[in-house]
Amino acid sequence: MTDRQLLHLFDIQRFSLHDGPGIRTTVFFKGCNLRCPWCSNPESQRREKDLLYMENSCLGCGACAAQCPQGAIRFHPGELPVFHRDRCQRCGRCVQVCPGSALRLAGMDRTVEDVLNLVERDRAYYERSGGGLTLSGGEPLLQPEAAEALAFGAQNRGLSVVLETAGDVDPEHFSRVVRWVDLLLLDVKHGDPQRLQAVTGAHLDQILSNLAQARSLAKEIVLRVPVIPGFNNEPEDLRGILRLAVQTGVSQVDLLPYHLLGKSKYTQLGRAYPYEDKYPALEKESLIPCQTWGDELHLQVTIGGKRLPLS
């Protein structure tokens, strides 16, 4: 491991309150091996950089088209630019000249040392709140060497480390990172292996095998469940996931209600949102019965990280 190891990221979010306890800095790794149709960070899916175009911020000046060496942007005065994404090499020249900040390149390479130095800036907030560093994505364990170096480096500096992962990765890659982690936030999206694989591409047996490995290392584990209409929000689906938690020795499940906050990013990427106009956002209150089901199973169930009043 080396602090000069490169991390391929799409964002670094300071003062995060939803990716583990306390105030945290969340490092978002680029690249994911799943294809969940409700994904709220579609710019995380590809390992390569992605160009996002925010039409509402566009001044219609044509500077982007004039700078594109691939001719991937067509522009006529009085109209908005048209992007031919099959030609785009994501060089970033258009981003640099856009006066309205309507273009953004998602994807950056940073060394472990640079990221750790950034994380260190907020040490006082971590110490007061019980926070620290969170590795998220995308799927951070698709970059096992870099993720391990980052987690190890943070532990060496006395920082708390949380790992958020879908767990559908090589067991060797999983083990080399999870040993340096204080808390594992493991996404488990369905208890039916066939349904899970058909919709997301994930393999439940691999996830459960890695979960067992984390348990053997006495790691603190929380199952995080995105609750998605039309996929896993029926009572039998949710009860099945809660039973799975009990069977695998996990004592806490955090339910994350489906939302539409990432929908605009698909438009910005020139892609159709797979869940377009299918389902509204879920109200947190609709999941309150799950807390009661959890109580019956001696399982702590939270909704968006909190316990909601039962009445």
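Residues numbered from 1 in each chain as written. Predicted model: local features only at pLDDT ≥ 70, side-chain atom pairs only at ≥ 80, totals over all residues. Heavy atoms only, no water.

Some remarks on the packing of aromatic side chains
- Applying the stated rule across the entire model yields 9 aromatic pairs.
- Taken together through their ring pairs, the aromatic side chains of Trp 38, Phe 231, Tyr 258, Tyr 275 and Tyr 279 make up a single cluster.
- A cation over an aromatic ring shows up here: Arg 85 above the ring of Phe 83, its NZ or CZ 5.7 Å from the ring centre.
- Between the NZ or CZ atom of Arg 128 and the centre of the ring of Tyr 125, over which it lies, the distance is 5.3 Å. (Phe/Tyr/Trp six-rings, centres within 6.5 Å; stacked < 30°, edge-to-face > 60°. Lys NZ or Arg CZ within 6 Å of the ring centre and 35° of its normal.)

Looking at the packing of helix α9 (residues 235-247) against helix α11 (residues 288-296)
- One way to put it is that α9 packs onto α11 with a least axis distance of 10 Å and a crossing angle of 40°. Considering the angle they form, α9 stands oblique to α11. As α9 packs across α11, the resulting crossing turns out to be right-handed. Two secondary-structure elements touch here, α9 through Pro 235, Leu 238, Arg 239 and Leu 242 and α11 through Cys 290, Trp 293, Gly 294 and Glu 296. (Axes fitted to C-alpha atoms, helices over the stretch in contact; angles between N-to-C directions. Helix = DSSP H or I, 4+ residues; strand = E, 2+ residues; numbered from the N terminus. Parallel < 35°, antiparallel > 145°, perpendicular 65-115°, else oblique. Left-handed = near helix turned anticlockwise from the far one by under 90°. Contact = heavy atoms within 4.5 Å.)

A closer look at the nonpolar core
- Judged by nonpolar contacts, the single largest core of 69 residues is most densely connected at Leu 135 and Leu 150.
- At 6 residues, the largest contribution of residues to this core is made by helix α5 (residues 144-156).
- Discounting residues that sit within four places of it in the chain, Leu 150 has contacts with Leu 7, Val 27, Phe 29, Val 112, Val 115, Leu 116, Leu 133 and Leu 135.
- Among the nonpolar cores identified, the runner-up in size contains 13 residues, and Cys 68, Ile 73, Cys 88 and Leu 103 belong to it. (Core = buried A, V, L, I, M, F, W, Y, C linked by side-chain atoms within 4.5 Å. Buried < 20%, exposed > 50% of the residue type's maximum accessible area, 1.4 Å probe, protein only.)

As for the packing of helix α6 (residues 171-178) against helix α8 (residues 204-216)
- Contact geometry of α6 with α8 gives a least axis separation of 10 Å together with a crossing angle of 35°. Helix-helix and strand crossings are classified by hand; for α6 and α8 the assignment is right-handed. When α6 is examined against α8, the residues Pro 171, Phe 174, Ser 175 and Val 178 are found in contact with a partner set consisting of Gln 206, Asn 210, Gln 213 and Ala 214.
- Its residues placed into classes, the contact of α6 with α8 shows 4 nonpolar, 4 polar and no charged. (Nonpolar A, V, L, I, M, F, W, Y, C, P; charged D, E, K, R; others polar.)

Considering helix α3 (residues 112-120)
- When α3 is considered as a whole, its buried residues turn out to be Val 112, Val 115, Leu 116, Leu 118 and Val 119. In a view along the axis of α3, the buried residues occupy a sector of 160°, so they form one face of it. (Arc of directions from axis to C-beta.)

So, the sheet that holds strand β10 (residues 183-187)
- Within the open sheet, the 9 strands sit side by side as β7-β1-β2-β8-β9-β10-β11-β12-β13. Their pairing is mixed. Both outer strands of the open sheet, β7 (108-111) and β13 (300-303), are each paired with one neighbouring strand and no more. With direction set aside, neighbouring strand axes in the sheet form an average angle of 30°.
- Two elements, β10 and strand β11 (residues 220-227), share 5 bridges in a ladder whose sense is parallel. When the bridges of β11 are listed, Leu 183 appears paired with Glu 220.
- Packing against the sheet, α9 makes contact with β11, β12 (252-257) and β13, and its axis sits at approximately 170° to β11. (Pairing = 2+ DSSP bridges.)

Digging into the side chain of Asp 50
- Its location among the elements puts Asp 50 in strand β3 (residues 50-53).
- Using a relative accessible area of 9% as the deciding quantity, one classes Asp 50 as buried.
- There is a polar contact of 2.8 Å between the side chain of Asp 50 and the side chain of Lys 30.
- A distance of 2.9 Å separates polar atoms of two side chains, one belonging to Asp 50 and the other to Arg 46.
- Residues within four places of Asp 50 in sequence aside, it is in contact with Lys 30, Glu 43, Arg 90, Arg 104, Leu 105, Ala 106 and Leu 269. (Polar contact = N/O pair within 3.5 Å; in protein donor to acceptor, adjacent residues only side chain to side chain.)

Keep in mind these values describe shape, not function.
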